Structure formats: structure tokens, C-alpha cells
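# Summary of structural features
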Amino acid sequence: MQKIKKRYFNCRELVVLGVFAAAAKVVTLVIALAGGGLNPVSLVLKNLVFTTLLVVLLYKVRKFGTLSLFAVISGLISFLLLGGGITSIPTTLTAAIAAEFIVLSTGGFKRFYAPVLAVFLYDLISKLLSLGVSYVIMRESPGLMVVVVVIVGVGYIGSLIGLYTGVRSAKELKHAGIIH
């Protein structure tokens, strides 16, 4: 009898990952378009929704590599929808890998706090790396960096709120039997 090799990610988990990545990208795009650009309310709301969905995803698929796959799929969806998202893949992938290794070093993804810690670190590191890239691009006019930092800071408030709403949503989905 031949031994069947078990895959790290099964088909169901990959589908969940793809659905969450697409949903997060499409919903945040709709919020950004409805908000009219750099509206502070839409910046907070789109980051809140994105972070909430990401926390729920990591509670659903608790494996090393989930965040990295999410970052790549999300970047590819951005590229297909907007045509320019491919440039954000290196920073988000770097942030995802760093966050996953930090979570792995603190006890792994089976710990109760792991999804929240992973998303917190992912959001923080990716925003800091993006600000670094922005500084390199805009170094001729450093006064504009103040505006960029404020915009990213306002959006990050939504990410922090999204950590709380993500945990609350995951608890409700666990209570409903959707998350095990």
C-alpha cells in the first residue's frame, strides 16, 4: 500500500486564504472609493476592516506561512485590480515573514494570542517599511513626508481598532462553530 503524503496546506485552507485575501482587497477598495480618497474616516474604516478580516483568517488557518501567502495573494489581487500593487509585495512580504518568525519564536501559531500578535506586527512592520520606501522616493522634498506620516498614522488607528474587532468577530465565529 502506498503512503499518501500529507500537504502542509490543504485545499480548504488555500481556498479560505484566497477568499479572505480577495474579500479584504475588494472591501477596502470599495471603502476607499466611497470615501473619496484621503478622507480620515475612510482611512480608519478600510484599515479596520482589513485588520479584522486578517485576524479572523489567522484564527481560522493557524499555520506558519498563512500571513506570507496572504501578503502575496493580496499583492497579486492589487496588481490585477489596480495595476500597481506589485510594488508593495516586497514590503508586505518582508513584514509578513518577520511577523511569522517573531510569533514562531514566542510559542507558535497555536497560542491564543498568536493571530493578534502576528497581525499587529505585520501591520506595524509593513507600515514602517512603506514609510521607509516613501522617504527614499520623496527625499528631495522631505516636508511631504510629514503629510505621509500623518496619513499612515490615521490609517493605523483603524488597524489597532481592527485588532479588537477581529478578536470579537473570531470569538463569535468560534461560538457559531465556524472557527475551531
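Scroll up to find the structure this text is about.
Cut-offs used in this document
- Residues numbered from 1 in each chain as written.
- Predicted model: local features only at pLDDT ≥ 70, side-chain atom pairs only at ≥ 80, totals over all residues.
- Heavy atoms only, no water.
- Salt bridge = Lys/Arg side-chain N within 4 Å of Asp/Glu carboxyl O.
- Helix = DSSP H or I, 4+ residues; strand = E, 2+ residues; numbered from the N terminus.
- Buried < 20%, exposed > 50% of the residue type's maximum accessible area, 1.4 Å probe, protein only.
- Core = buried A, V, L, I, M, F, W, Y, C linked by side-chain atoms within 4.5 Å.
- Contact = heavy atoms within 4.5 Å.
- Phe/Tyr/Trp six-rings, centres within 6.5 Å; stacked < 30°, edge-to-face > 60°.
- Expected span 1.5 Å × (residues − 1).

## Focus on the pattern of salt bridges
Using the criterion set out here, one finds one salt bridge in the structure. A salt bridge links E13 to K63, with the nearest nitrogen and oxygen atoms 2.8 Å apart. In this pair, E13 is assigned in helix α1 (residues 11-35) and K63 in the loop between α2 (40-60) and α3 (66-82), connecting sequence segments 50 residues apart. With respect to class, E13 is no different from K63; both count as buried.

## Details of the nonpolar core
Core analysis: the biggest nonpolar cluster contains 33 residues, and L54, L57, L67, F70 and Y122 have the highest contact counts within it. When residues of this core are traced back to their parent elements, those giving at least two are α1, α2, α3, α4 (89-105), α5 (114-137) and α6 (143-175). Here the element with the most residues in this core is α2; it accounts for seven residues. Setting aside anything within four residues of it in sequence, one finds L67 in contact with L54, L58, A96, A99, E100, A118 and Y122.

## Considerations on the environment of S134
As for its position among the elements, S134 is in helix α5. The spacing of S134 and G177 is 43 residues in sequence and 43 Å in space, taken between C-alpha atoms. Other than its neighbours up to four places away in sequence, S134 contacts M145 and V148.

## Considerations on the packing of aromatic side chains
Under the criterion given, the structure shown has five aromatic pairs. Pairing F64 with F109 gives two aromatic rings, centres 6.4 Å apart and planes at 70 degrees, and the pair type is edge-to-face. Taken as a pair, F64 in the loop between α2 and α3 and F109 in the loop between α4 and α5 lie far apart in primary sequence, 45 residues in all. The exposure class of F64 is partly exposed, given its relative accessible area of 28%.

## Observations concerning α6
The α-helix winds at 3.6 residues per turn, so residues separated by three or four positions along the chain end up facing the same way. Between the first and last C-alpha of α6 there are 49 Å, a value that for 33 residues agrees with the 48 Å anticipated at 1.5 Å per step. Residues M145, V148, G155, Y156, G158, S159, G162, L163, G166, V167 and A170 constitute the buried set of α6. In this structure, the buried side of α6 is in contact with α2 and α5.

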